[in-house]
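Spelled out from the first residue to the last, the chains are:
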Amino acid sequence: MKDEQPLLAVRNLNQQFGPGCNNCKNPDNRALSKNYCEVCGTVYACRNISLDLFAGEILGVVGESGSGKSSLMKCLYFDSEVTTGEVYLDDEEFIGDNLFELSSQKKRYIRNYKYGMVYQNPVHGLKMNFSSIGNIAEKLIAAGNRHVGNMEEIGKRLLDIVQIPVFRMKEEPRNFSGGMQQRVQIAKALSNNPPVLFLDEVTTGLDLSVQADVLDLIKRIQREFGISMIVVSHDLAVIRMLADRTIVMLNGEIVEQGLTDQILEDPTDKYTQQLVYSLL
Ligand SMILES: Nc1ncnc2c1ncn2[C@@H]1O[C@H](COP(=O)(O)OP(=O)(O)OP(=O)(O)O)[C@@H](O)[C@H]1O
């Protein structure tokens, strides 16, 4: 895998909230045991994050609350601005382009054609007052589709893939259970056939049996469609089930990364060891 060109290459991504001061701008003064500066209050949500996502793999990002996982996802999906950093997509339309530096129009294009996103809270990914198939159509229209018949056909196929009964396609997701809402979000995220899918804590808050069904669905989609995914979770059990490789974050930094099996069997970092032992 190492000799391959990554599909997505993130280099030295930093995101901070606050201007920083003489104290925290000096890396020697910044304790690694927290993600904020005690002098000026600046929060360092992501610090020097570099990672590769290869074609067809699921990359897990795990860490406790506040470790910077969602901040990383929001930056990658252009939901929020990085402070500094680079990201490259192996796509002929964007060769050599640091995507963070593109215009907002081009970023929108990438979100519509190259990326899919599934949020923890379905309210962020779905219009609750649109029908389920209408939500899928919204993404298809954003990606340039205009033919109503085609959109309905694609919508039905996607709802079938995520196991939402097609006879319920006209219902609004607000009338669905949490697990069904996540399924509609997944269908919507897949609608433009993206090479990259981001999933942010998608099973958090669901009942265990519903969680297991949604995780099965994600695994099946990855196998059938070969989509590359970055999956964020605070729950190592979720990462164990889904991810080929895993990144462990703490206080905005990557403290360990490697094959998921390797991390689970032989964690080297102290914090990762705690995470792994908590599974036992
Ligand atoms: N807009 C913001 N302004 C200030 N601080 C922020 C902002 N967004 C995130 N942070 C801070 O950045 C740090 C990382 O937050 P983030 O949400 O990425 O963590 P997380 O690992 O996803 O945790 P959780 O799973 O609880 O969301 C936290 O200290 C958080 O308070």
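You'll find the structure just up there.
So, a few notes on the structure that sits alongside this text. (Residues numbered from 1 in each chain as written. Predicted model: local features only at pLDDT ≥ 70, side-chain atom pairs only at ≥ 80, totals over all residues.)

A short note on the overall build of the chain
Let me state the cut-off plainly: Numbering of helices and strands runs from the N terminus; a helix is a DSSP stretch of H or I covering at least four residues, while a strand is a stretch of E covering at least two. Here the globule rule is a power law, 2.2 Å times the number of residues to the power 0.38, and the radius of gyration is based on C-alpha atoms. Whether a residue is buried, exposed or partly exposed is read from the other C-beta atoms within 10 Å of its own C-beta, which are placed from the backbone; 20 or more gives buried, 12 or fewer gives exposed, and intermediate counts give partly exposed.
Helix and strand counts for the chain come out as 11 helices and 9 strands. Rg of the C-alpha trace for the chain: 19 Å, near the compact-globule value of 19 Å for 280 residues, within the 12% margin. Seen through its principal axes, the chain has C-alpha atoms that stretch 60 × 45 × 40 Å. Out of the 280 residues in the chain, the part that is buried amounts to 42%.

Quick word on the sheet that holds strand β6 (residues 196–200)
As a reminder of what qualifies: The pairing criterion for strands is at least two bridges between them, as found by DSSP. Interaxial angles span 0 to 180 degrees and are taken between N-to-C directions of axes, which are lines fitted to C-alpha atoms, for helices over the stretch in contact. A pair of residues counts as a contact when their C-beta atoms, built from backbone coordinates, are within 7 Å of each other.
The 6 strands lie next to each other as β5-β6-β7-β3-β8-β9, forming an open sheet whose pairing is mixed. The two strands at the open ends of the sheet, each matched to only one other strand, are β5 (115–118) and β9 (253–259). Ignoring strand direction, the axes of neighbouring strands in this sheet form an average angle of 15°. Packed onto the sheet, helix α11 (residues 270–279) meets β3 (58–62), β8 (245–250) and β9 and runs at close to 110° relative to β8.

Quick notes on unusual backbone geometry
In this model, Asn 12 sits at a positive phi of 50°, which is unusual for a non-glycine residue. Along the chain, Asn 12 falls in strand β1 (residues 8–17). Residue classification places Asn 12 among the partly exposed positions, given that 13 C-beta atoms sit within 10 Å. Phi angles above zero are rare outside glycine, and Asn 48 is one such case at about 50°. Checked against the element boundaries, Asn 48 lands in strand β2 (residues 43–53). The exposure class assigned to Asn 48 is partly exposed, which follows from the 15 C-beta atoms found within 10 Å.

Brief notes about the site of the ligand
Counted only if it meets this: Each residue gets a C-beta atom placed from its backbone. Should that atom fall within 6 Å of a molecule or strand, the residue is termed near it. Three classes are used: nonpolar for Ala, Val, Leu, Ile, Met, Phe, Trp, Tyr, Cys and Pro, charged for Asp, Glu, Lys and Arg, and polar for all others, with Gly counted as polar.
In the neighbourhood of the ligand, 13 residues make up the surrounding shell, with Phe 17, Ala 45, Ser 65, Ser 70 and Ser 71 lying closest. When residues of the shell around the ligand are traced back to their parent elements, those giving at least two are β2 and α2 (69–76). Per-element tally for the shell around the ligand: the top contributor is α2, with 3 residues. When its residues are assigned to classes, the shell around the ligand shows 3 nonpolar, 9 polar and 1 charged.

Remarks on the nonpolar core
For the record, the criterion: Working definition: the nonpolar core is a set of buried Ala, Val, Leu, Ile, Met, Phe, Trp, Tyr and Cys residues, joined through C-beta atoms within 7 Å.
Among the nonpolar cores identified, the biggest contains 73 residues, and Ala 187, Leu 199 and Val 231 are the most heavily contacted of them. Excluding residues within four positions of it along the chain, Leu 199 makes contact with Val 118, Ile 218, Met 229, Val 231 and Val 232.

What to know about the pairing of β3
Of all 5 residues in β3, 5 are buried; the element is thus mostly enclosed. Because side chains alternate across β3, one face comprises the buried residues Ile 58, Gly 60 and Val 62, and the other comprises Leu 59 and Val 61, equally buried. Both β3 and strand β7 (residues 228–233) contribute to a ladder of 5 bridges, which runs parallel. By the bridge assignment for β7, Leu 59 is matched with Ile 230.

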